[in-house]
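Next come the chains, spelled out residue by residue.
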Amino acid sequence: MNQLSDRLNSLSPSETLAMSQKSNELKAQGVDVINMSVGEPDFNTPDHIKEAAKKAVDDNFSRYSPVPGYPALRNAIVAKLKKENGLDYTAAQILCSNGAKQSVCNVLMALIGPGDEVVIPAPYWVSYPEMVKLAEGTNVFISAGIEQDFKITPAQLEAAITPKTKALILCSPSNPTGSVYTKEELAGLAAVLAKYPQVVIIADEIYEHINYIGQHESIAQFPEVRDRVVIVNGVSKAYAMTGWRIGFIAGPQWIVSACNKLQGQYTSGPCSVSQKAAEAAYVGTQAPVEEMRVAFERRRDLIVKLAKEIPGFEVNVPQGAFYLFPKCDSYFGKSADGRKISDAGELAMYLLEVGHVACVGGTAFGAPECIRMSYATSDENIVEAMRRIKEVLGKLA
Ligand SMILES: Cc1ncc(COP(=O)(O)O)c(C=O)c1O
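Definitions and limits used
The numbers attached to residues start from 1 for each chain and follow its sequence in the written order. The predicted origin of the model limits local features to residues at a pLDDT of at least 70 and limits the giving and counting of side-chain atom pairs to 80 or more, whereas totals for whole chains, interfaces and linings rest on all residues. Side-chain measures here rest on the full set of heavy atoms in the structure, leaving out hydrogens and waters. Starting at the N terminus, helices and strands are each numbered in turn, a helix being any DSSP run of H or I of at least four residues and a strand any DSSP run of E of at least two. Polar contact is defined as a pair of N or O atoms within 3.5 Å, subject to the rule that within protein one atom must be able to donate a hydrogen and the other to accept it, and that residues adjacent in sequence are counted only when both atoms are side-chain atoms. Any two residues having at least one pair of non-hydrogen atoms within 4.5 Å are treated as being in contact. Note on definitions. A residue lies near a molecule or strand when any single heavy atom of the residue is within 4 Å of it. Residue-level accessible areas treat just the shown protein chains as cover; the underlying method is Shrake-Rupley with a 1.4 Å probe. Should DSSP find at least two bridges between two strands, the strands are taken to pair. Orientation is described by lines fitted to C-alpha atoms, with helices fitted over the stretch in contact, and by angles between N-to-C directions that extend from 0 to 180 degrees. Buried Ala, Val, Leu, Ile, Met, Phe, Trp, Tyr and Cys residues that are joined via side-chain atoms within 4.5 Å together make up what is termed a nonpolar core. Note on exposure labels: buried denotes an accessible area under 20% of the residue type's maximum, exposed denotes more than 50%, and partly exposed covers the range between, all computed with a 1.4 Å probe on protein chains only. Each C-beta atom gives one direction from the helix axis, and the arc is the one those directions make.

Trainee: Tell me what's going on with the side chain of threonine 242, and back it up with residues and numbers.
Mentor: Mapping threonine 242 onto the fold places it in the loop between strand E7 (229-234) and strand E8 (247-250). In this structure the side chain of threonine 242 is engaged in a polar contact, spanning 2.6 Å, whose partner is the side chain of glutamate 40. Among all residues touching threonine 242, those that are not within four sequence positions of it are Glu40, Pro41 and Ser236.

Next up, the structure:
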């Protein structure tokens with residue numbers, strides 16, 4: 001008997017979490033697995049942030065917070081947006097949630113209903129299409145392959161927009177590809193969007209600080225679209241705070257107020273102690289952010305170099321985030337020990353079960369010819385993982 005709603009039945013389970021779980025099961029059996037399937041920094045939260053959280057506990061920040069978050073945190077985010085992004089917002093235009101994931105979902109649930117289309121460039125973060133499905137909207141994908149560095153062009157965007165388009169989700173730096181849109185590229189997309197005032201732009205900038213080309217560029221900087229951009233960001237990736245669950249949106253008042261109403265009935269304000277920790281992250285020293293960024297850049301260079309030595313792997317050079325997204329479909333149709341690899345999911349499973357390296361097949365990211373590898377792990381792990389991958393791929397014929 002299945003009494004679940006159609007909404008729930010239409011939802012796919014998260015493939016990234018599934019691979020991570022499978023990898024943990026093998027580890028529990030004593031197998032030495034290198035886990036490159038997870039999307040989180042391997043660093044600890046910086047000490048001054050942890051101290052702020054301890055103080056928040058002692059100071060009895062133990063009650064419900066305002067639904068959109070404490071004013072002190074929202075003011076700290078307003079100051080961050082001004083200082084780092086040159087963007088003016090009021091505290092009333094900020095809404096803090098349980099991670100950037102809830103932030104994206106709030107916006108989609110507030111805006112999208114049956115018949116509404118959401119344009120999503122592929123490859124995409126696994127959760128976007130599922131959230132659109134939850135909101136009973138329709139996904140419209142734009143494919144951008146490795147030959148265009150996984151980035152959509154203005155012409156592709158224009159071709160995807162219809163009178164039913166309500167939103168575009170743009171993720172830069174990108175999970176899963178690491179691609180970053182330049183200011184000029186964003187200007188090209190903004191010029192198209194200027195012609196379609198009904199389209200809200202959800203700009204997921206959660207990887208803002210993990211960027212190897214210098215200054216982060218936000219599509220919110222362009223006046224022709226500024227009043228309908230919703231920036232999504234948070235502390236998870238930049239400050240190694242994935243478990244603290246603080247994200248935010250900054251956007252037009254009507255959308256922020258709608259999300260506030262939704263969140264007020266759904267989860268209320270996010271964890272009070274985590275909010276004090278996030279405030280410390282934004283107002284305190286930014287030195288740890290740069291230290292982590294430098295480490296990620298070194299690992300990016302290492303993994304790209306090693307991946308280029310693997311026959312049949314085609315790689316771009318990611319400009320941000322901590323993922324490599326090799327195209328590896330030249331292995332599809334090959335076999336080893338009677339085991340045939342027909343798609344990216346089977347390749348990822350082969351790498352896990354035979355090579356003991358956990359990656360995620362690209363299908364869930366809208367790119368069935370690729371696999372995603374997270375290099376948010378030590379240099380030693382990267383070297384050993386790539387050695388194992390090269391070895392077991394070499395057995396496929
Ligand atoms: C592109 C993207 N957006 C949002 C999130 C969610 O971030 P948070 O942990 O703050 O919910 C992630 C996490 O993996 C992500 O990769």
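So that's the structure; there's more coming.
Trainee: Can you tell me about unusual backbone geometry, naming the residues and giving the values?
Mentor: Residue alanine 122 is joined to proline 123 through a cis peptide bond whose omega torsion reads 5°. Its location among the elements puts proline 123 in the loop between strand E3 (117-122) and helix H6 (127-134). The omega angle of the peptide bond from serine 172 to proline 173 is -10°, so this bond is cis rather than trans. Within the fold, proline 173 resides in the loop between strand E5 (165-171) and helix H8 (183-193). Although it is not a glycine, glutamate 136 adopts a positive phi angle of roughly 65°. Relative to the assigned elements, glutamate 136 resides in the loop between H6 and strand E4 (138-143). One non-glycine residue with positive phi stands out, namely alanine 321, at about 55°. Mapping alanine 321 onto the fold places it in the loop between helix H11 (287-308) and strand E9 (323-324).

Trainee: Help me get a handle on the site of the ligand, residues and values and all.
Mentor: The full set close to the ligand counts 13 residues, and Asn175, Asp204, Tyr207, Ser236 and Lys237 are the nearest of them. Alanine 100 is positioned such that a nitrogen or oxygen atom in its backbone is 2.8 Å from an oxygen atom of the ligand. Across the complex, the protein chains shield 92% of the 390 Å² of accessible surface that the ligand would expose by itself.

Trainee: Just give me the short version of the sheet that holds strand E13 (residues 360-361), but keep the residues and values in it.
Mentor: Taken in spatial order, the three strands make up an open sheet running E9-E14-E13, and their pairing is antiparallel. Of all strands in the sheet, those bounded by a partner on one side alone are E9 and E13.

Trainee: Describe the sheet that holds E4, and please don't skip the residues or the numbers.
Mentor: Within a sheet, each strand pairs with its neighbour through backbone hydrogen bonds, oriented either parallel or antiparallel. An order of E2-E8-E7-E6-E5-E3-E4 is seen for the seven strands of this open sheet, with the pairing classed as mixed. On the outer flanks of this sheet lie strand E2 (94-97) and E4, each paired with one strand and no other. Direction aside, the axes of adjacent strands within the sheet are offset by 20° on average. Here E5 pairs with strand E6 (residues 200-204) via five bridges, running parallel. Across the sheet, the residue bridging to alanine 167 is valine 200, located in E6. Relative to E4, H6 is tilted by about 155°, and along the sheet it contacts E3, E4, E5 and E6.

Trainee: A description of the nonpolar core should follow, citing residues and the corresponding values.
Mentor: Counting 84 residues, the largest nonpolar core has Leu108, Phe313, Ile371, Met373, Met386, Ile389 and Leu393 as its most contacted members. Counting residues per element, this core draws most heavily on H11, at seven residues. Setting aside chain neighbours within four positions, we find phenylalanine 313 in contact with Ala307, Pro326, Lys327, Cys328, Tyr331, Ile371, Met373, Ile389 and Leu393. Core analysis: the second largest hydrophobic core is formed by 51 residues, Ala76, Ala144, Ala190 and Val225 among them.

Trainee: Can you explain H8? Please cite residues and give values.
Mentor: Of the positions making up H8, those classed as buried are Leu186, Leu189, Ala190, Val192 and Leu193. Down the axis of H8, the smallest arc covering the buried residues is 155°, so these residues share one side. Where H8 is buried, its residues meet helix H7 (154-160), E5 and E6.

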